[in-house]
Amino acid sequence: ITVVAKDGGGRLHGADVVFSATTTVTVKVEDVQDTAPVFVGTPYYGYVYEDTLPGSEVLKVVAMDGDRGKPNRILYSLVNGSDGAFEINETSGAISITQSPAQLQREVYELHVQVTEMSPPGSPAAQATVPVTIRIVDLNNHPPTFYGESGPQNRFELSMNEHPPQGEILRGLKITVNDSDQGANAKFNLQLVGPRGIFRVVPQTVLNEAQVTIIVENSAAIDFEKSKVLTFKAVDPDTGPWGEVKYSIYGTGADLFLIHLSTGIIYTQPWASLDAEATARYNFYVKAEDMEGKYSTAEVFITLLDVNDHPPQFGKSVQKKTMVLGTPVKIEAIDEDAEEPNNLVDYSITHAEPANVFDINSHTGEIWLKNSIRSLDALHNITPGRDCLWSLEVQAKDRGSPSFSTTALLKIDITDAETLSRSPMAAFLIQTKDNPMKAVGVLAGTMATVVAITVLISTATFWRNKKSNKVLPVRRVLRKRPSPAPRTIRIEWLKSKSAKAATKFMLKEKPPNENCNNNSPESSLLPRAPALPPSPSVAPSTGAAQWTVPTVSGSLTPQPTQLPPKPKTMGSPVQSTLISELKQKFEKKSVHNKAYF
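Residue positions are given per chain, counting from 1 as you read along its sequence in written order. In view of the model being predicted, local features appear only for residues whose pLDDT reaches at least 70, and side-chain atom pairs are presented and counted only at 80 or more, with totals across whole chains, interfaces and linings using the full set of residues. Note that water and hydrogens are dropped before the side-chain values are worked out from all heavy atoms of the structure.

Enquirer: Just give me the short version of the sheet that holds strand 30 (residues 329-330), but keep the residues and values in it.
Expert: DSSP bridges decide pairing: two strands pair if at least two such bridges lie between them. Only DSSP runs of H or I reaching four residues or more are called helices, and only runs of E reaching two or more are called strands; each is numbered from the N terminus. The strand order across the open sheet built from three strands is 30-34-33, with neighbouring strands paired in antiparallel fashion. Every interior strand has two partners, whereas the edge strands, strand 30 and strand 33 (358-360), have only one. Both strand 30 and strand 34 (residues 366-369) contribute to a ladder of two bridges, which runs antiparallel. By the bridge assignment for strand 34, Lys330 is matched with Glu366.

As structure tokens, this is what we get:
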């Protein structure tokens, strides 16, 4: 325990200061003898067989001191119910038989075993008592025996007239049959072995003892001329060596068990350790076989009864929880026992300071503030330190016998909803503070949602694009682009382009001859303009009219070869007219009549 001491505070060098000191106090808890001894492995059952020898151990009971810190020595004793047939070892708890099983007078014995702690002088001795059931098991080792008027008899004779009435009882026979075995071992069948259909024996099935009656079945067959003597046996087919049955077990779960060869009693292997928490049920097959090799099988199911051998366990010995006003927090302990009530856990608050702040649900482990505390201010008024961090000692206790318990330290940080509402992220972190896996799960769920939405959008986009990319009939539309505003750079480029094209048609005049005769035959022929470059190829259109490049014709005058050439001049009316017309045509078609797809 950490103890903090603080003074009332004061001023030091002009400042308010508070001095404190901290120390650690270690508390050692010592066990006190206040718990009675408890038996382990109840209920107790034992079996005695006819071949069990006097002095043999039947079973063993086990008890321990409930105060496990400093356990006392314990002694065992038989209280009543043994009738002198059994005794117990006072230190080991082993119960043994003192008589021959044939001398026992009862089939079932109910013993009461008492265990007593060896307490120091002057201290009361703690005690506990448990019932023990011992059953005397009969062996099928007595064959049925026939008795006459004078005792056991194996031959009976009778004289009678021929052709007696059908259904008549043979009055001269007084036969009794008896099996001294007990229970199912004393059950046997009767039948006549001899000529068939003449007599019938009653009863055909016997339990322990019965009077044997023989009845006429076929009167015509009882004929003196045919047979003067008829011999039959009253025979039990299950007696003698032919009635001996041997048992065996096999199957996946049989390796942990043994079966008595003649009685069929099933035991556990000496080395087997059966745990109901690991495997609560076993099944295997048992085979019963006689001397002739005839056999029958049956399936055996064994269910283990759970023993309370596991205490409840908290996940951590020190737990931290965050409580919002009006909302409970929950603790949980796990009991690994297999069955109820051994694995049912009850919760309680064993220590809290002050003690009037919290309540707990004993079944669910939910802890909440008492109804009188509705605000943080009310909590602050309870403790001088005005602290909202509380420490509780909680206990988890199972409902088994004996009962086990465990404790844990719970630290609770208390806040209110207003504080959480200021920051949603802080609220989320506080709520998942006690369960980090919850935060991981929320984040994983959010990421999975985002991924799923992204996949859906991508899939939809893919199929839409795939559908829109299908091959459709070619359809082209020619649109006339509106005339753009004139630009200086484009006009200059067009002029340059036109000028370059026009230079191909530049005409050079031949200087006039001296005789001023220009009517030579050569000058009378009109020159042809060179072919224009091919126009850009465009797709055929059905909606717009096609245009063609106009042709221009003019007359050319050959240049004489005997005179030196003169500089190019644009002064000729024919040249000027031809070049001007070509420029206008190229500029008009290039700027205004260009087609766009």
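Enquirer: Explain the environment of Asp31 to me, and be specific about the residues and the numbers.
Expert: The topology assignment puts Asp31 in the loop between strand 4 (20-24) and strand 5 (38-40). Exposure is judged per residue with a 1.4 Å probe applied to protein chains only, and the accessible area is read against the type maximum: over 50% gives exposed, under 20% gives buried, and values in between give partly exposed. Taking relative accessible area as the criterion, Asp31 reaches 30% and is therefore assigned partly exposed. Separated by 37 residues in sequence, Asp31 and Arg68 place their C-alpha atoms 7.5 Å apart.

Enquirer: Quick rundown of the side chain of Glu117? Include the residues and the values.
Expert: Tracing the chain through its elements places Glu117 in strand 12 (residues 108-117). Pairing of N or O atoms within 3.5 Å defines a polar contact, subject to two protein rules: one partner must be a possible hydrogen donor and the other a possible acceptor, and residues neighboring in sequence count only if both atoms are side-chain atoms. Engagement of the side chain of Glu117 in a polar contact is seen with the side chain of Asn72, the distance being 3.3 Å. Working rule for contacts: check all heavy atoms of both residues, and any pair within 4.5 Å makes them a contact. If near-sequence neighbours (up to four positions away) are discounted, Glu117 is found in contact with Gln33, Thr35, Ala36, Pro37, Asp65, Gly66, Asn72, Arg73, Ile74, Ala125 and Ala126.

Enquirer: Requested: an account of unusual backbone geometry, with residues and values cited.
Expert: Of note, the amide linkage connecting Val202 to Pro203 takes the cis form, showing an omega dihedral of 0°. Note that Pro203 resides in the loop between strand 19 (199-202) and strand 20 (205-207). Each neighbour pair has its own omega, and for Glu340 with Pro341 the value is 0°, a cis peptide bond. Looking at where Pro341 falls in the secondary structure, it is placed in the loop between strand 31 (333-334) and strand 32 (345-352). Within the chain, His13 stands out as a residue other than glycine whose phi angle is a positive 55°. Inspection of the secondary structure assignment puts His13 in the loop between strand 2 (10-12) and strand 3 (15-17). Taking the relative accessible area as the measure of exposure, His13 reaches 80% and is therefore exposed.

Enquirer: Outline the packing of aromatic side chains, supporting the account with residue identities and numerical values.
Expert: The pairing test for Phe, Tyr and Trp rings, Trp by its six-membered ring, is centres within 6.5 Å, and the orientation test on the planes gives stacked under 30 degrees, edge-to-face over 60, and tilted for anything in between. Applying the stated rule across the entire model yields eight aromatic pairs. Seen in terms of ring centroids, Tyr250 and Tyr285 are 5.7 Å apart; in terms of plane orientation they differ by 20°. Their pairing is stacked. Pair noted here: Tyr250 is in strand 23 (residues 246-250) and Tyr285 is in strand 26 (residues 281-289), with a separation of 35 residues, a long-range link. Residue class for Tyr250 comes out partly exposed when judged on its relative accessible area of 39%. Note on Tyr285: relative accessible area 34%, which makes it partly exposed. Linked through ring pairs, Phe257, Tyr282 and Phe284 together constitute an aromatic cluster. Note on criteria: charge over ring means Lys NZ or Arg CZ within 6 Å of the ring centre, with the direction from the centre no more than 35 degrees off the ring normal. Here Lys287 stacks its cationic end above the ring of Tyr295, 4.5 Å away from the centre of that ring.

Enquirer: Account for the sheet that holds strand 23, with residues named and values stated.
Expert: Taken in spatial order, the three strands of this open sheet run 23-26-27, and their pairing is antiparallel. Taken across any chain shown, the strands that pair with only one partner, and hence form the sheet edges, are strand 23 and strand 27 (295-303). With strand direction ignored, the average angle separating the axes of adjacent strands in the sheet is 30°. As judged from the nine bridges shared by strand 26 and strand 27, these two strands associate in the antiparallel manner. Across the sheet, residue Phe284 finds its bridge partner in strand 27, namely Val300. The axes used here are C-alpha line fits, helices contributing only the stretch in contact, and every angle between their N-to-C directions lies in the interval 0 to 180 degrees.

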